[in-house]
Amino acid sequence: MTLPYLEVKNVSKQFDKAEIFKDLSFSLKKGEILSLAGPSGTGKSTLLRCLAGLDHFSNGEVLIEDTDLLAMQVKKRPVGMVFQQALLFPHLTLLENVAYGKKITHGKKEAYEMAHSYLKEVGLENHVKQYPHELSGGQQQRAALVRAMLLKPKLLLLDEPFSSLDPGLRKELREWVRSFLKKEEMTSIFVTHDKDEAMLLGDRTAVMAEGRLQQIGLPHELYHTPHNALVAELYSDVIVLDEARYCPAEKASWRAERKDGHEWFEAEWVNETYHFGRRLAHIRLISTGRRITIPAGESGKEASGYVTIPPEAIKYFKET
Amino acid sequence: MKKNIFYMSSVIFFLIPVLLLILKSITAPWRSGNLPDWTLRGWETVFQDSRVIESMAITLGIALAVALINLIVGIPVAKALSHRSFKLKNTLEVLLLLPLFLPVIAAAMGLHITMIRLGLANTWIGVTIVHLVPTIPYTIKVLKAGYDRIPQDMLNQGRMLKAGVWHAFRTIELPLLIPSIRSAIFLAVTISAGQYVLTAIIGGGSVITMPIIYYPFLQSADDTVMSAFSVAFVLIPAAAVLIAEAAAMALAGRLFIKRRSIQ
Amino acid sequence: MKWQRTNGLFLLLLPAYAFLLLAGGSFILAFIESTGNGEGFTWSYYLSLFDRRELTDGLTYSIWITVSSTVVSLITGWLIVRSFYRLIDGNAKWLVWIPMLFPHFVWGYFVLLLLGQSGLISTALVQSGLLEDRTLFPVLVQDRSGIGIFITYVWKEIPFVILMLLPVYLQLPRQFREVNTVLGGGQRHWFKTVEWPWIKPVMFETGLIITAFIFTAYEVPGLLGVSYPQMTPVIAYDWFYSASGEERSMAFALLMLAAFILGACALTGFALMNKRRMLLSKSSHRY
């Protein structure tokens, strides 16, 4: 058993008496990437800023290689961060931007050499003399990542680094980022509100909602065995029946009539879409007004009907 | 059409007055029926008068001191007002701008006795201090607008890259603030160089700046000399800006020359 | 860490406190001198102000000049920015800056040179034979009604108004113009719902700066004024240097009275506008 590289113990954050998050605990192994997913406004960014030292936890402890991270000043913390925007300094060239931090810690010569070799590695060597406004959004974000990596932090924090990019670029960049982080064996925490992005980038995913870490685990664990209704709704394709029970959406069906022995919901047909050759029905449940997507099979598209669930498909959340 | 009307009236109302003053300064008083006689007498009188030369040096010196103190006070305050949140921030901002809406002459008169007690009356230091009252509010305004344009996270990014407060200021904030700093210096210098009454009250006739001798000149000198003297006022902001740029270059080296174009 | 951060803020604000001490202190000292100089508090200097004929006449004269020059320069400057802000920002900004380079009294001298009875215009008229004698030229400067002062201020403040309003017009949320058009709103709607709320705070601020300045600046009336009536700052300046201690105290009372009125206007204005201002600036903060 390997000792955890980063250990976050019971950290909390209050702001003006309002609780942002409470008692978060998790640990990471060296080189592991954790995706931190969840709806916006649940304190994911605040968590990163506290780890970075830009903000402060109200309570709790963070150890990195068994040393107290929170006791270190921002300047001394072995933590790097990439923000939503690339935030390259507009008055410095690409090379100067990338070398900025390293120059402070190791001097100009070493910084420029290292910046050069990294920029070459990421295919930006032809742009070293250019200013940020001459670079594309993707190039800027890549440069921002390299700039943070140059300091060889023990922990790298990425706060929705693709959110300002267009979808095509996003897809391309996330694969690149993962392979880059893996090659550098960079222990990282990656914040996103996109489920797919969380699965693609992280080794494990933590779902954060309502100020708590709802569940942390491998992508398939979260997907197939969500611990509670919140995780299920955010991360999985299921129909939540009540606080304790859920059913994978693929097991449900759309019928004009109820079926004996099946759980049923009165529902309204909204529309249909196709995905990988399958027809999907978009349904609105009358009682709760929630919209769900289930396989439509060969059923018709009556304006109203029932979503029925076979009893053997019903599962129970692990948590009590 | 609209465009031409605008350019023409701008030229007539803003540029022509200065051109007329310049023209007047190099011609003898105009007499009926004759073409104006060209003369350098106006400028010679102004620049051969040792009092005028001395007053220019004093005006420039005070203006530069005022501008420097303005920056030293304005930059941290502007940063706090723009990038920090704290209790009563809006109130503090209003209070700092309040001198713009009040009679500065009252401030100068109020300071008079205290300045005498402190031994600062009739000195250039006292005059510099009283010139801060009408200039600092403008500097804070201009620099705050400058800081508003720098994203907070840009500075956080600097901290994450291990830049200390001073290093981040020198390498990130200062270069990005250059346009605002230039405007602030320019404003402070022109306001300071145009003060008659504040200088008269605190300087008490011992600190002879250009405005102080402008008024008595008006009684004695003719229009040619007065026009030359009037135009000479432009030399103060011009010299101040040149000196400020030179100082910035000396401090920051090649960085400023090279980077100016992209600001 | 927490302590360090607040401490940093204190350091940043230290010069602000120093400046408030200087500015606030100077007004407090002026107030003390206006109320009996510490030897028994009295409002009597304020009351005796209005017994002086020269002052009541001077006040009417000053208020008239202040209000007319402020209103004219504010409206003219605003109309210019409104119609031409793109051109100004394009390549006419330096033209607008020219008058800003010169002190007010230099501009006053130029007005004298241009419009005085022996000025350029009257000379030109006489030379071209349109006017028989320069004494027939109307007294526009150093006149009893203050026309010369008015012209100087308007001429000098219009560029100031332009430069204050220019950034506001450049930052007007243009996308709202499309929204307004799509929703069927006309020019009047645009003005009422977007333009006016955006410019109002700056118009107020600019107007008040100009009012305070014109009402209390000595330089221009000192140069272009006549011996009677005189503008407030000239009276205050003369009283300040008067041999009589009472007149000296009255000089303070006069200026402090102006300070109270202007300060009250500024504070109420900002208090009323602060909320709106914050909302506007929040939506315009784009990082």
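Residues numbered from 1 in each chain as written. Chains lettered and ligands numbered in written order. Predicted model: local features only at pLDDT ≥ 70, side-chain atom pairs only at ≥ 80, totals over all residues.

Peer 1: Mind laying out the UniProt feature "transmembrane region" (unreviewed entry) in chain C, listing which residues take part and the relevant values?
Peer 2: Residue and element names in this part refer to chain C. Per the UniProt record, the feature "transmembrane region" (unreviewed entry) sits at residues 61-85, 146-170 and 250-273. Each end of residues 61-85 is marked by a C-alpha atom, and these two atoms are 34 Å apart; helix forms 100% of the span and strand 0%. Helix makes up 96% of residues 146-170 and strand 0%, with an end-to-end C-alpha separation of 36 Å. (UniProt positions renumbered as here; feature names shortened; annotations may be inferred. Helix = DSSP H or I, 4+ residues; strand = E, 2+ residues; numbered from the N terminus.)

Peer 1: Summarise the interface of chain B and chain C; cite the residues concerned and give the values.
Peer 2: At the interface, 61 residues of chain B touch 59 residues of chain C. Of all the elements in the fold, those that place two or more residues in the side of chain B that touches chain C are helix H1 (2-25), helix H3 (50-83), helix H4 (89-97), helix H5 (104-118), helix H6 (124-148), helix H8 (165-193), helix H10 (210-220) and helix H11 (223-232) of chain B. If one sorts the elements of the side of chain B that touches chain C by residue count, H1 of chain B sits on top with 13 residues. Tallied by class, residues from the side of chain B that touches chain C come to 47 nonpolar, 9 polar and 5 charged. (Contact = placed C-beta atoms within 7 Å. Nonpolar A, V, L, I, M, F, W, Y, C, P; charged D, E, K, R; others polar.)

Peer 1: Describe helix H5 (residues 167-183) of chain A, listing the residues and the values that go with them.
Peer 2: Residues and elements named next belong to chain A. For H5, which comprises 17 residues, the first-to-last C-alpha distance of 25 Å matches the rise-based estimate of 24 Å (1.5 Å per residue) to within 8%. All of the buried residues in H5 are Arg-174, Val-177 and Leu-181. On the buried face of H5, the contacting elements are strand E3 (33-37), helix H4 (137-149), strand E8 (188-192) and helix H6 (195-201). Positive backbone phi, at 50°, marks Glu-185, one or two positions downstream of H5. (Expected span 1.5 Å × (residues − 1). Buried ≥ 20, exposed ≤ 12 C-beta atoms within 10 Å, placed from the backbone.)

Peer 1: Describe in detail the UniProt feature "transmembrane region" (unreviewed entry) in chain B, supporting the description with residues and values.
Peer 2: All names here are of chain B. In this numbering, the UniProt entry assigns the feature "transmembrane region" (unreviewed entry) to residues 51-73, 94-115, 121-140, 184-217 and 229-257. In residues 94-115, helix accounts for 73% and strand for 0%; the two terminal C-alpha atoms are 27 Å from one another. Secondary structure content for residues 121-140 is 85% helix and 0% strand, and the end C-alpha separation is 27 Å.

Peer 1: Kindly report on the sheet that holds strand E17 (residues 304-309) of chain A, identifying the contributing residues and their values.
Peer 2: Residues and elements named next belong to chain A. Within the open sheet, the 5 strands sit side by side as E13-E17-E14-E15-E16. Their pairing is antiparallel. The open sheet is flanked by strand E13 (253-255) and strand E16 (291-295), the only strands paired with a single partner. When the angles between neighbouring strand axes are averaged without regard to direction, this sheet yields 50°. Relative to E16, strand E15 (residues 278-285) runs antiparallel, the two being bridged by 5 bridges. For His-282, the partnering residue across the bridge sits in E16 and is Thr-293. (Pairing = 2+ DSSP bridges. Axes fitted to C-alpha atoms, helices over the stretch in contact; angles between N-to-C directions.)

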